[in-house]
Amino acid sequence: MTMESDNLITQEFNLNMGPYHPSTHGVFRAVLTLDGEVIVRQKNVLGYLHRGMEKIAESKTYNQFIPYTARLDYLASALNNMGYVQTVEKLAAIEVPERAEHLRVIVAELQRIASHLLMVGSTANDMGAMTAIVYYMTLREKVLDLLEMITGARLTNNYMRIGGVIDDLPDEFYDKFKELRKFLPERLDMVNTLIVGNEIFASRLKGIGVITAEMALDYGVTGPNLRAAGVDFDLRKKDPCSVYDRFDFEVPVLKNGDAFDRFLIRGLEMRQSLRIVEQAVEALPEGPIMAKVPRQLKPPAGEVFHKIEGARGVLAFHLVSDGGPKPYRLHIHGPSFVNIEIMPAISPGLMLQDFLAAFATIDVDMGEVDR
């Protein structure tokens, strides 16, 4: 299409951003139709990371598939573990010990903090704030130290088990967590002073990629992106699983729905996750960490749907059993796959460099998109 304005004639052209581009946060390809540096249309092209996880589940026993869940949203692997094992437990009517439930919440919320720290750090880096990402990654390393202490891994955790968890908290965890409890809020305050109050950084994000509450609901957006648009919805409050209903915490909600609010809300949520972990540690009951579960689990024939609040929104599993030792069918509802679909709606009218700000703050994990 050719457009004329006074004596200036411009022509639209397509630009491929990705699939291998540092600012696409994974193998994502965006086909941008540009008029100069202004985006006219944007198209998502997915599937570069597709591994057939749901089909793999049909060839594995229920326990064997747990490590594969860590490779979905690999930045929040413990939350994937938690959602999957709770789905199986729901179908098999397995009651999980109280101590195991508290341990799950501790690990899940530490994992949420680690995921959010990577999001804010990578967004800052995408905007050119290279100092900020060093501070955020230093913080994230301290959180990963705790996760490694508990689970034995820093990225793809394989900690949850059907019926409980694989190991208890080590003795050294408690002192290290006390250090984090003091260090994390102080360091977040310091980095916020450095970056959030920076006029250039704020101008790069404010008013960019606005998602209204109506748009978010129409597109099925969930998680921090939904709450940044002014919608108070968090499954940990609205439909709590595990022992979340026993903890006192707030659900941060902002109203502008732009890239700046999506950045800010992750910082607010990290503080609330830290509150949850602190309460779970203090209220940690004595008792076993595993229920008595048959070595070869065969849930009764039937189907079940279960959802949790993942790091990026509603993570859900639809499991069908035929009474055998393997899932007959498993469907995974990944929030990143849903959230990314709003990009063509918010991209037109953005400058090319603003697209990076909008995409970074949507915070998708391509492992969860393609599965």
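Here, every reference points to the structure presented above.
Quantities reported herein were computed from a predicted structural model and do not represent experimental measurements.

### With respect to the layout of surface pockets
And then number 1: In this model, the largest pocket occupies a volume close to 260 Å³.
And then number 2: Taken together, 15 residues form the lining of the largest pocket, with Q86, P240, C241, S242 and H306 sitting closest to its centre.
And then number 3: Those elements that provide at least two residues to the lining of the largest pocket are α3 (77-92), α4 (98-126) and β8 (302-309).
And then number 4: Classifying every residue of the lining of the largest pocket gives five nonpolar, three polar and seven charged.
And then number 5: Its volume calculated, the second largest pocket comes out at about 160 Å³.
And then number 6: Lining the second largest pocket are K142, D145, L146, M149, K176, E179, L180 and F183.
And then number 7: Where the lining of the second largest pocket is concerned, the elements lending two or more residues are α5 (130-151) and α6 (173-195).

### Section: the sheet that holds strand β5 (residues 38-45)
And then number 1: What the three strands build is an open sheet, ordered β3-β4-β5; its pairing is antiparallel. Since the sheet does not close on itself, it has two edges, and those belong to β3 (13-17) and β5, each with one partner. Averaged over all pairs of adjacent strands, the angle between strand axes in this sheet comes to 25°, irrespective of strand direction.
And then number 2: In the sheet, β3 pairs with strand β4 (residues 29-35) via five bridges, with the strands oriented antiparallel. From the neighbouring strand, N16 faces β4, where its bridge partner is V31.

### Focus on the packing of aromatic side chains
And then number 1: Scanning the model with the defined rule gives eight aromatic pairs in all.
And then number 2: Judged by centre distance (5.7 Å) and plane angle (10°), the rings of F65 and Y68 are stacked.
And then number 3: Given the relative accessible area of 27%, Y68 is considered partly exposed.
And then number 4: Through pairs of rings, three or more aromatic residues link up here, namely F65, Y68, Y84 and F317.
And then number 5: Its guanidinium or amino end placed over the ring of F183, K142 lies 5.2 Å from that ring's centre, counting from NZ or CZ.
And then number 6: One Lys or Arg, K237, reaches over the ring of F249 and ends 4.5 Å from the middle of that ring.

### Focus: the pairing of β5
One face of the sheet, then the other: side chains in a regular strand alternate in exactly this way.
And then number 1: Relative to β5, β4 runs antiparallel, the two sharing seven bridges. Paired with A30 across the two strands is N44, which belongs to β5.

### Quick notes on the pairing of β8
And then number 1: Two elements, β8 and strand β9 (residues 314-321), share eight bridges in a ladder whose sense is antiparallel. Bridging from a neighbouring strand, K307 pairs with A316 of β9.

### Points about unusual backbone geometry
And then number 1: Along the chain, G18 connects to P19 via a cis peptide bond; the corresponding omega equals 15°.
And then number 2: With respect to the helices, strands and loops of the structure, P19 is situated in the loop between β3 and β4.
And then number 3: Located in the positive-phi region is H25, a residue other than glycine, with phi close to 55°.
And then number 4: Among the structural elements, H25 can be located in the loop between β3 and β4.

### Regarding the sheet that holds strand β10 (residues 329-333)
And then number 1: A sheet is described by the order of its strands in space; here three strands give the open sequence β8-β9-β10, paired in antiparallel fashion. Of all the strands in the sheet, just β8 and β10 have a single pairing partner and so form its edges. Neighbour-to-neighbour, the strand axes of this sheet turn through a mean angle of 10°, independent of strand direction.
And then number 2: Sitting on the sheet, α3 is in contact with β8, β9 and β10, with an inclination near 145° to β8.

### Points about the nonpolar core
And then number 1: Counting 109 residues, the largest nonpolar core has Y84, I106, L110, Y136, F173, I195 and F355 as its most contacted members.
And then number 2: It is α4 that provides the largest number of residues to this core, a total of 13 residues.
And then number 3: In contact with F173, other than residues within four places in its own chain, are I106, L110, L146, M149, I150 and V281.

### Comments concerning the packing of α4 against helix α11 (residues 259-282)
And then number 1: Two elements in contact, α4 and α11, have axes separated by 9 Å at closest approach and are oriented at 160°. On the basis of the axis angle, α4 is roughly antiparallel to α11. Between α4 and α11 lies a crossing of left-handed hand. Side by side, α4 and α11 meet where H102, V105, I106, E109, L110, R112, I113, H116, L117, M119, V120 and T123 of the first sit next to R262, F263, R266, E269, M270, S273, L274, I276, V277, A280 and V281 of the second.
And then number 2: Of the residues that constitute the contact of α4 with α11, the class distribution is 14 nonpolar, four polar and five charged.

### Examining the pattern of salt bridges
And then number 1: Throughout the structure, instances matching the rule amount to 25 salt bridges.
And then number 2: Among the salt bridges present, the one from K55 reaches E58, with a minimum N-O distance of 3.2 Å.
And then number 3: According to the relative accessible area criterion, K55 is exposed, its value standing at 58%.
And then number 4: Close ionic contact of D248 with R275 constitutes a salt bridge, the shortest N to O distance being 3.1 Å. Taken together, the residues span a long stretch of sequence, with D248 in the loop between α10 (235-238) and α11 and R275 in helix α11 at a distance of 27 residues.
And then number 5: Assessed through its relative accessible area of 21%, R275 is described here as partly exposed.
And then number 6: Among the charged side chains, a network of salt bridges with common partners joins E109, R112, R227, D234, R236, E269 and E309.

Here is what the cut-offs are and how they apply
- Residues numbered from 1 in each chain as written.
- Predicted model: local features only at pLDDT ≥ 70, side-chain atom pairs only at ≥ 80, totals over all residues.
- Heavy atoms only, no water.
- 1 Å grid on protein atoms, 1.4 Å probe; cavity = no way out; pocket = protein on both sides within 12 Å on 5 of 7 lines; lining within 4 Å.
- Points joined across faces, edges and corners; volume = space filled by probe spheres on them.
- Helix = DSSP H or I, 4+ residues; strand = E, 2+ residues; numbered from the N terminus.
- Nonpolar A, V, L, I, M, F, W, Y, C, P; charged D, E, K, R; others polar.
- Pairing = 2+ DSSP bridges.
- Axes fitted to C-alpha atoms, helices over the stretch in contact; angles between N-to-C directions.
- Phe/Tyr/Trp six-rings, centres within 6.5 Å; stacked < 30°, edge-to-face > 60°.
- Buried < 20%, exposed > 50% of the residue type's maximum accessible area, 1.4 Å probe, protein only.
- Lys NZ or Arg CZ within 6 Å of the ring centre and 35° of its normal.
- Contact = heavy atoms within 4.5 Å.
- Core = buried A, V, L, I, M, F, W, Y, C linked by side-chain atoms within 4.5 Å.
- Parallel < 35°, antiparallel > 145°, perpendicular 65-115°, else oblique.
- Left-handed = near helix turned anticlockwise from the far one by under 90°.
- Salt bridge = Lys/Arg side-chain N within 4 Å of Asp/Glu carboxyl O.

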